[in-house]
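# Architecture at a glance
Here are the chains, one letter per residue:
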Amino acid sequence: MDRRIGETQSGWRTGRDRRAVYEIRIEGRLDPAWSDWLQGMAVSFVETETGASETVLYGPLPDQSGLRGILGKIWDLGAIILLVRRLPADGMKGESHHDG
């Protein structure tokens, strides 16, 4: 079988695994001291309309396996993941969209 660059055995087109910026939201408040353990992702907080707290993790990850590693660590903490969002390539510009 002849595969193109970036195509997996299953035929899924991945492009190239490249660094991307992610926003991950989890329920409740996670101590910012966990930032180093979470590959240096910034830790901030937001209040929802109902008054509940959410932790916002924000920062670049090297590839999809890095994202999977972060999600596994959050799972290990027993935290509830509310949102995972890949931001545009220029996502590191204008980081001020989080209150913390």
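Residues numbered from 1 in each chain as written. Predicted model: local features only at pLDDT ≥ 70, side-chain atom pairs only at ≥ 80, totals over all residues. Heavy atoms only, no water.

### Regarding a nonpolar patch on the surface
Selection criterion: Each patch is built from residues lacking any salt bridge and having more than 30% relative accessible area; the joining distance is 9 Å for like charges and 5 Å for nonpolar side chains (Val, Leu, Ile, Met, Phe, Trp, Tyr). Methods summary: accessible areas were calculated by the Shrake-Rupley approach with a probe of 1.4 Å, and residue burial reflects only the protein chains presented. The term salt bridge refers to a side-chain nitrogen of Lys or Arg lying within 4 Å of a carboxyl oxygen of Asp or Glu. Comment: elements are numbered from the N terminus, with helices defined as DSSP H or I runs of at least four residues and strands as E runs of at least two. The buried label applies to any residue whose accessible area, calculated with a 1.4 Å probe on protein chains only, is under 20% of its type's maximum; exposed applies above 50%, and partly exposed to all values in between.
Among the surface-exposed residues, Trp34, Trp37 and Leu77 lie close enough to one another that they form a single nonpolar patch of about 260 Å² accessible area. With respect to the secondary-structure elements, Leu77 resides in helix 1 (residues 64-77). Judged by relative accessible area, Leu77 falls into the partly exposed class, the value being 33%.

### Here we look at the confidence of the model for the protein chain
Quick note on the threshold: Scored from 0 to 100, pLDDT reflects the predictor's confidence in each residue. Contact definition: two residues touch when any of their heavy atoms are within 4.5 Å.
Here the protein chain averages 83 in pLDDT, and 71% of its residues register 70 or above. Scored below 50 in pLDDT, residues 93-100 shows eleven contacts in the model against residues more than four places distant or in partner chains.

### Description of the nonpolar core
Here is the rule we go by: Nine residue types can take part in a nonpolar core, namely buried Ala, Val, Leu, Ile, Met, Phe, Trp, Tyr and Cys, and a core is a set of them joined through side-chain atoms within 4.5 Å.
By size, the foremost hydrophobic cluster in this structure holds 14 residues, and its most contacted members are Tyr22, Ile24, Met41, Leu57, Leu61, Ile70 and Ile74. Among the elements of the structure, strand 1 (20-27), strand 2 (42-47), strand 3 (53-61) and helix 1 are those that each provide at least two residues to this core. At four residues, strand 1 tops the list of elements feeding residues into this core. Aside from chain neighbours lying at most four places away, what touches Tyr22 is Met41, Leu57, Tyr58, Gly59, Leu61, Gln64, Leu67, Val84, Arg85, Arg86 and Leu87.

### Regarding unusual backbone geometry
Located in the positive-phi region is Gln39, a residue other than glycine, with phi close to 55 degrees. Within the secondary structure layout, Gln39 lies in the loop between strand 1 and strand 2. Accessibility expressed as a relative area gives 39% for Gln39, which makes it partly exposed.

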